[in-house]
Structures are given as structure tokens and as C-alpha cells.
Amino acid sequence: MAGHEIPEPADRKQVADPLSDLQAAEETCQSCDPAFRHGVVVGFDGSTSSERALAYAIGMARRSGSGLIIVHVANRLPTTVWAGCEPPVFVDVPDHRTEVLGLELACADYLTEVPWILVERGGDICNELEEVGREYSADAIVVGSTHGIVGRIFGSVAGRLARRAQRPVVVIP
């Protein structure tokens, strides 16, 4: 019977197409500025350890002749809104620290030596740093070490990132 189609079973699993995944990755990479491809990613939050990491990353980018991708993973503070009988709703409150950091970095004399960009992300720090590294095909990710009891209890960002990253991770004490 011409024009008759056999319907797909509802429980049939879709198989991932590796070619479409590759094309999606290429589109992501093409959206990035080519000046920063194979650059150095550095996590920065304004802390002393992240400032040391930034200083090291600047030198690394200058020596390799590449761009610097400064990543600030913003704190998205979940707040609960409860309207009487309805279940509570979680709302993300944006962190405006990235704007302040961007202004501080724009006025910094030490960043005149290398091309740089500031990327804001929200979410898990390790995931976001690795994702930015993948998007820009970064040669390395530089982070400062975590000091204090929080890092000892929950594990440091540097330690988690070093265990799971697909590219070199440089941890600055």
C-alpha cells in the first residue's frame, strides 16, 4: 500500500547520532571568539587564592601567546516563595558580583599584557569550568586551592576538578 507508514513503537529507544554530537560541538566552538581558542581558563571569584591563580594564568597565557578566559561562577541563591496553599517555588536570585569583578578587572593594569574575556556561569563550579574549557578547547584550567574547613568537609574545587577534567588542571596554592 503506497503512502502507508508503520508507526514507531512507543518504547523504542533513540540511539545517539555521533555525527550530530560532533556538529553541535563544532557550532559551539565556532560561536567562541577564535582569539581565545586554545587559551587558558582561570576560575576567579576575587579571593586571595583566585588572585594568585589569575596572576599565574596571565603569565601562562603571555608565554604561550594565547588568550585568557576568566570564569566567574556566580552564586545563584535559591529562595523560597510560598503563596498560601500552593507548594513553595524556588527562585534564583542573581549574583551581581560578576559585574563588580568585571569592572575591577577592566581597570587592572596587569591584564593589559594579554587579551582576556570574562565569562559568567551559574551552577557547579567544577562542571562550569570544565564546560568553558571544552567550549574554548583550552590548553589548561588554572584554579586556586581551597583553604579552610569547607574544603576539607566537602572536598575542594581544585581536587574535584583535577580528578575529572579532560585537560590539564593547574592548582595554585
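Scroll up for the structure.
Conventions used here
Chains are numbered independently. Their residues run from 1 in the order of the written sequence. Local features in this predicted model are restricted to residues of pLDDT 70 or higher, and side-chain atom pairs are both shown and tallied only at a pLDDT of 80 or more, whereas totals for entire chains, interfaces and linings draw on every residue. Hydrogens and water molecules were not included; the side-chain quantities draw on all heavy atoms of the structure. For two strands to count as paired, DSSP must find a minimum of two bridges between them. Each helix is a run of H or I in the DSSP string that is no shorter than four residues. Each strand is a run of E no shorter than two, and both are numbered from the N terminus. Here, axes are lines fitted to C-alpha atoms. For helices the fit covers the stretch in contact, and angles between N-to-C directions go from 0 to 180 degrees. Throughout, a contact is declared for two residues whenever any of their heavy atoms are within 4.5 Å. Pairs of N or O atoms are called polar contacts if they sit within 3.5 Å, as long as, within protein, a hydrogen donor faces a hydrogen acceptor (for residues adjacent in sequence, only side-chain-to-side-chain pairs).

Undergrad: Any details on the sheet that holds strand β2 (residues 68-74)? Residues and values, ideally.
TA: With parallel pairing, five strands are arranged side by side in an open sheet as β5-β2-β1-β6-β7. Edge positions in the sheet fall to β5 (116-122) and β7 (169-172), since each has one partner strand and no second. Between one strand axis and the next, the sheet turns by 25 degrees as a mean value, whatever way the strands run. Across seven bridges, the pairing between β2 and β5 is parallel. The residue of β5 that forms the bridge with I70 is L118. Those strands touched by helix α3 (residues 97-106) are β2 and β5, and its axis lies near 170 degrees from that of β5.

Undergrad: Summarise the side chain of E128; cite the residues concerned and give the values.
TA: Turning to its location among the elements, E128 is positioned in helix α4 (residues 125-135). Here R121 takes part through its side chain, which lies 3.4 Å from a polar atom of the side chain of E128. Contacts of E128, omitting those with residues within four sequence positions, involve V73, R121, G122 and G123.

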